[in-house]
Amino acid sequence: RRLSSTATGPGGIYLYKPLLHLVLPATLERVIVLDTDLFFFSDVRLLHRHFRRFGPNHLIGLAQEQCPSYQEVRALGGVGFNGGVQLLSLTMMRQSRHYADLMEKYAARKMPMKPGGIGWLGDQTLYSWMTVNGTGARQIFYEIPCGWNRQIGTHMAGWPGFWSRHACQGPCHLLHGNYV
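Keep in mind that this is a model prediction, so the values were computed, not measured. (Residues numbered from 1 in each chain as written. Predicted model: local features only at pLDDT ≥ 70, side-chain atom pairs only at ≥ 80, totals over all residues. Heavy atoms only, no water.)

## Considerations on the nonpolar core
Here's step 1: The biggest cluster of nonpolar side chains holds 28 residues, and the ones touching the most others in it are Ile-60, Leu-88, Tyr-99, Tyr-106, Tyr-127, Met-130 and Phe-141.
Here's step 2: Those elements that place two or more of their residues in this core are strand S1 (30-34), strand S3 (60-64), strand S4 (81-89), helix H4 (90-95), helix H5 (97-107) and helix H6 (123-130).
Here's step 3: Counting residues in each nonpolar core, the second largest holds 11 residues, with Leu-38, Ala-63, Tyr-142 and Leu-174 among its members. (Core = buried A, V, L, I, M, F, W, Y, C linked by side-chain atoms within 4.5 Å. Buried < 20%, exposed > 50% of the residue type's maximum accessible area, 1.4 Å probe, protein only. Helix = DSSP H or I, 4+ residues; strand = E, 2+ residues; numbered from the N terminus.)

## Thoughts on the sheet that holds strand S2 (residues 38-40)
Here's step 1: Reading across the sheet, the three strands line up as S2-S7-S6 and stay open at both edges, with mixed pairing between neighbours. Each of the sheet's edge strands pairs with one partner strand only, and the pair in question is S2 and strand S6 (150-151). (Pairing = 2+ DSSP bridges.)

## A few points about H6
Here's step 1: When you tally the buried positions in H6, you get eight out of eight residues, the bulk of the element.
Here's step 2: Within the span of H6, buried status applies to Asp-123, Gln-124, Thr-125, Leu-126, Tyr-127, Ser-128, Trp-129 and Met-130.
Here's step 3: Buried residues in H6 make contact with S3, helix H3 (71-75), S4, H5 and strand S5 (141-143). (Contact = heavy atoms within 4.5 Å.)

## Notes on the sheet that holds S5
Here's step 1: Taken together, four strands build an open sheet; the order of strands is S1-S4-S3-S5 and the sheet is mixed. Only two strands of the sheet have a single neighbouring strand rather than two, namely S1 and S5. Neighbouring strand axes in the sheet, compared pairwise and without regard to direction, differ in orientation by 30° on average.
Here's step 2: Of the pairings in the sheet, the one linking S3 to S4 comprises four bridges and is antiparallel in character. Bridge assignment links Gly-61 to a residue of S4, and that residue is Leu-87. (Axes fitted to C-alpha atoms, helices over the stretch in contact; angles between N-to-C directions.)

## Focus: the packing of aromatic side chains
Here's step 1: Under the criterion given, the structure shown has four aromatic pairs.
Here's step 2: Relative to Phe-54, the ring of Phe-51 has its centre 5.3 Å away and its plane inclined at 50°; by these criteria the two rings are tilted. Residues Phe-51 and Phe-54 agree in their burial class; the two are buried.
Here's step 3: With 5.2 Å between their ring centres and 40° between their planes, Phe-81 and Phe-141 make a pair best called tilted. Here Phe-81, found in strand S4, pairs with Phe-141, found in strand S5; they are 60 residues apart in sequence, far enough to count as distant.
Here's step 4: You can call Phe-81 buried: its relative accessible area is 0%.
Here's step 5: The rings of Phe-51, Phe-54 and Tyr-142 are connected pair by pair, giving a single aromatic cluster.
Here's step 6: Here the guanidinium or amino end of Arg-30 rests over the ring plane of Phe-51, the centre of that ring lying 5.7 Å away. (Phe/Tyr/Trp six-rings, centres within 6.5 Å; stacked < 30°, edge-to-face > 60°. Lys NZ or Arg CZ within 6 Å of the ring centre and 35° of its normal.)

## As for the environment of Leu-126
Here's step 1: Mapped onto the secondary structure, Leu-126 falls in helix H6.
Here's step 2: The sequence separation of Leu-126 and Met-103 amounts to 23 residues, and the corresponding C-alpha distance is 9.6 Å.

## A few points about the packing of H5 against H6
Here's step 1: Where H5 meets H6, the axes come as close as 12 Å, and the angle between the chain directions of the two elements is 110°. In terms of orientation, H5 and H6 fall into the roughly perpendicular class. Every pair of crossing elements has a handedness; the one defined by H5 and H6 is right-handed. Where H5 approaches H6, its residues Tyr-99, Leu-102, Met-103 and Tyr-106 are matched on the opposing element by Leu-126, Trp-129 and Met-130.
Here's step 2: Its residues assigned to classes, the contact of H5 with H6 shows seven nonpolar, no polar and no charged. (Parallel < 35°, antiparallel > 145°, perpendicular 65-115°, else oblique. Left-handed = near helix turned anticlockwise from the far one by under 90°. Nonpolar A, V, L, I, M, F, W, Y, C, P; charged D, E, K, R; others polar.)

Following this line, the structure appears as structure tokens:
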């Protein structure tokens, strides 16, 4: 509840995702969380195989945001993530005291975040701010290849750096219709 109070607009409704390890059955070890605006071109089992690539500190797998948003996060040494495709290692999230401490600190607003709170995009903004220098959280994220979250929204096409940020050299396994 305290974590959702850090968001504005509809952002709070998305903040259940970083806390799924607390409510899903303990017998469920991993979960893939998907937005509803995705179109698959490859077998989802290929995406699931990325769990095998998680290192010992990886709890969450995400692809980078392919728009030039999160500039303030990047300026602080962080990574702008997109939350449309998430690989959550629930077992590792449950076992990580570090992750629990981070969630408490963000809920109490004791960690870096944008002025006014987490904002409209909830989980992906939280994940992005968790990567900035000094949070100690960058190592919990595994980066999913861009082809597993190929974002087709061009709403920021006029922004400087859009086309370089939007580029994806890997094969396209799914399209994410964000902002379309």
